[in-house]
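Topology and contacts: notes
The primary structure of each chain is shown beneath.
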Amino acid sequence: MIVALIAACEIGFWVLLAAGLACRYLLRMPRTGLALLLCEPLLEVVLLVATALDLKNGAEPNWTHGLAALYIGYTVGHGHRTVKWLDGHAAHRLGGAPKPLGPPRYGMARARHEAKVWLGTLTAAVVATALLQFAIWYVDDPSRVTSLESWRFTAWRIAGIHGLVALAYWIWPKKAPAGERDVAGVGKERVGR
């Protein structure tokens, strides 16, 4: 049941996102579009309540409950950035706004960008860990919560690997090719001539 609900929440996220952006830019109904976009966090609340009810009704804590916690954590950590990115592209394609700037490609600007993205993953790990800990306390049976405990390590393993990737951009910043420079993340610009 929980896996189906996670899939439904993911589908619902994209449906609400598409409907919200369509209302904002195609139908010229910005308030309705904003209302639809603001409904997206309700999907995570539904998933959280359903997971808690599943545990309360005596379900054996398993990987599905851990996956639900990671999904909610990911949405909290990266959902806003995803919506903002897609909104910028929809505004450009459908609303006539200028093309949004992409991430910087080179140097310390790219390293700072990667660090910000990693902070989203760190937030996701913190949220998932907190939800898993609450579930462990809620179940209150050490013999039944080993699956939930292992998901905490999974969340921090993901955050650690992503942190190492972000750190690599600081240690070995990518240099712009000769004769080019990165212009605020837009891409290549020829220098000289």
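Quick caveat: nothing in here was measured; it's all calculated off a predicted structure.

Scanning the entire structure with this criterion turns up three salt bridges. Here Asp87 ties to Arg24 by a salt bridge, and the two come within 3.6 Å at their closest N and O atoms. With Asp87 in helix α4 (residues 63–95) and Arg24 in helix α1 (residues 2–26), this pair connects stretches of sequence that are 63 residues apart. Put simply, Arg110 and Glu114 hold a salt bridge, and the shortest N to O gap is 2.9 Å. Linking Arg110 with Glu114, this pair stays in helix α5 (residues 107–139), spanning four residues, or about one helical turn. Each member of the pair, Arg110 as well as Glu114, is classed as buried.

This paragraph deals with the packing of aromatic side chains. Enumeration according to the criterion identifies two aromatic pairs in this entry. Arranged with centres 5.0 Å apart and planes meeting at 90°, the rings of Phe13 and Trp14 form a pair that is edge-to-face. Looking at Trp14, the relative accessible area reads 41%, which means it is partly exposed. Judged by centre distance (5.7 Å) and plane angle (65°), the rings of Phe134 and Trp137 are edge-to-face. Taken as a pair, Phe134 and Trp137 lie in helix α5 at a separation of three residues, close to a single helical turn. Like Phe134, the residue Trp137 is exposed in the burial classification.

Calculation rules
Residues numbered from 1 in each chain as written. Predicted model: local features only at pLDDT ≥ 70, side-chain atom pairs only at ≥ 80, totals over all residues. Heavy atoms only, no water. Salt bridge = Lys/Arg side-chain N within 4 Å of Asp/Glu carboxyl O. Helix = DSSP H or I, 4+ residues; strand = E, 2+ residues; numbered from the N terminus. Buried < 20%, exposed > 50% of the residue type's maximum accessible area, 1.4 Å probe, protein only. Phe/Tyr/Trp six-rings, centres within 6.5 Å; stacked < 30°, edge-to-face > 60°.

Worth remembering: the numbers are spatial, not functional.
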